[in-house]
Amino acid sequence: MADKSEAAAFVAGDKTVDEVVERLLEKADASGAALLGEGGLLTEITKAVLERALEAEMSEHLGYERGDLAGHGPGNSRNGTSPKTVLTDVGAVNLAVPRDRNGDFEPRLVPKNARRLAGFNDRILSLYARGMSVRDIRSHLAQIYGVEVSPDLISKVTEAVIDELVTWQNRPLDAVWPIIYIDALWVKIRLGSVTSKPVYLAVGVDMDGRKDVLGLWVGSEGEGATTWMAVLSELRNRGVEDVCNVVCDGLKGLPDAVTATWPKATVQTCVIHLTRASLRLSSVRDHPKLVPALKAIYTAPTEAAAEQALDAFEVSELGERYPAVVRTWRSARPEFTPYLTFPPAIRTVVYSTNMVASMNARLRKATRNRGHFPSEQAALKVLYLAVREQINPKARDANHVAAHWKEALNQFSLFFEDRLSIQ
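Reading the values: rules and limits
- Residues numbered from 1 in each chain as written.
- Predicted model: local features only at pLDDT ≥ 70, side-chain atom pairs only at ≥ 80, totals over all residues.
- Heavy atoms only, no water.
- Axes fitted to C-alpha atoms, helices over the stretch in contact; angles between N-to-C directions.
- Helix = DSSP H or I, 4+ residues; strand = E, 2+ residues; numbered from the N terminus.
- Parallel < 35°, antiparallel > 145°, perpendicular 65-115°, else oblique.
- Contact = heavy atoms within 4.5 Å.
- Nonpolar A, V, L, I, M, F, W, Y, C, P; charged D, E, K, R; others polar.
- Buried < 20%, exposed > 50% of the residue type's maximum accessible area, 1.4 Å probe, protein only.
- Pairing = 2+ DSSP bridges.
- Core = buried A, V, L, I, M, F, W, Y, C linked by side-chain atoms within 4.5 Å.

Details of the packing of helix H7 (residues 161–169) against helix H17 (residues 376–390)
Two quantities define a packed helix pair, namely the angle between the helix axes and the distance between the axes.
Thinking step 1. Contact geometry of H7 with H17 gives a least axis separation of 10 Å together with a crossing angle of 75°. One way to sum up the angle between H7 and H17 is to call them roughly perpendicular. Touching Val-161, Ile-162, Glu-164, Leu-165 and Trp-168 of H7 are Gln-377, Leu-380, Lys-381, Tyr-384, Leu-385, Val-387 and Arg-388, all from H17.
Thinking step 2. Grouping the constituent residues of the contact of H7 with H17 by class yields eight nonpolar, one polar and three charged.

Quick look at the structure:
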């Protein structure tokens, strides 16, 4: 078992941190003590830190330190301690909470009715955001921290996020965005029977190169312009007055809704998704020839050159073998060619929704781990928590702006100067 006096010394600061940590580790190794759990190294340090903080709160409450002569007299004074077990990030910790004779001491760090610290709630939410079920979370906490947590407690912690989700979904947004990506992922929701439903997400990139998920919406079958008008109108009502480019995966009815909401916006179909759709319509043995033929179309220097490349593909052996591929590119032409009018730096970031692939991958992983959800709200709750972790200011790459974004945003400021200058 870790030495409690060493832990206390660590908190009191009468030895250097390195010395105390090294001595504690040596004693833990010698005795075979664990890091976590009852008697574990981190558990004892956490206990010492919390009890020292509680003593400091008591001293502030009474107006004098322990052992001070000011405490001798008819006024309020210390009156021993009460045992209390709280759940922390390192597991269950048994505390000795100080009492006062008047009974009016209210600890701030560990409130009277609190049985877990805020960090423990955050740990539960982090596991939930990764798509773990209530059963999985209980098993994980029991295995790693030696703590038995009831399903009701986990439900209460996660349900508390709903108000935060509503606030987030209705927060005001910037007036102008260079790019908004709109993508969809499918989740299984039990509505009597288990049904796959699309969840749409809008990811905006501002002029500082920061990505922000603007909203999440559960869709339904047969979505069209009416559905998208409701979504885009919500974004406009939250402050989005203009968007330079809306990049999407050929979602039905979206182009018309975009131009009705933001008349100056350019709608760009994701070229990568268009290519994948073409590959699904062709034999695998022809993919090595088909991919470069299609690449010649979407990497053409101008819109006219792209049209010529598509004409050449149509009369080629591959085009004659796969007329469905030709029809796919012809029908998508109005929304696939706009990016060809942009400088190369802008083309790089608007030709595909893959620019937000890391965000989408995180969300898909969270939903895939859960299998299916009992309701639409449960699905949105998990997705929101996954988004919150992804854009957490403490995340390593939260403030990182890739070099290609810096170059593209400089081009945006030149190409759309009259529209972006109103920000």
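Things to note about the pairing of strand E6 (residues 242–248)
Thinking step 1. Burial runs high along E6: seven of the seven residues are buried.
Thinking step 2. In this sheet, E6 lies alongside strand E3 (residues 176–191) in parallel orientation, the contact comprising six bridges. The residue of E6 that forms the bridge with Trp-177 is Val-243.

What about the nonpolar core?
Proteins that are soluble and globular tend to have nonpolar side chains buried together.
Thinking step 1. If you look at the biggest cluster of nonpolar residues, it comprises 75 residues, and the most contacted ones within it are Tyr-181, Trp-329, Val-349, Val-350 and Phe-412.
Thinking step 2. For this core, the element with the most residues is H17, which contributes nine residues.
Thinking step 3. Every residue in contact with Trp-329, bar those within four places of it in the chain, is listed here: Val-271, Leu-274, Thr-275, Ser-278, Leu-294, Ile-297, Tyr-298, Leu-310 and Phe-336.
Thinking step 4. Ranked by size, the runner-up nonpolar core spans 24 residues in total, among them Ala-184, Val-231, Leu-254 and Trp-262.

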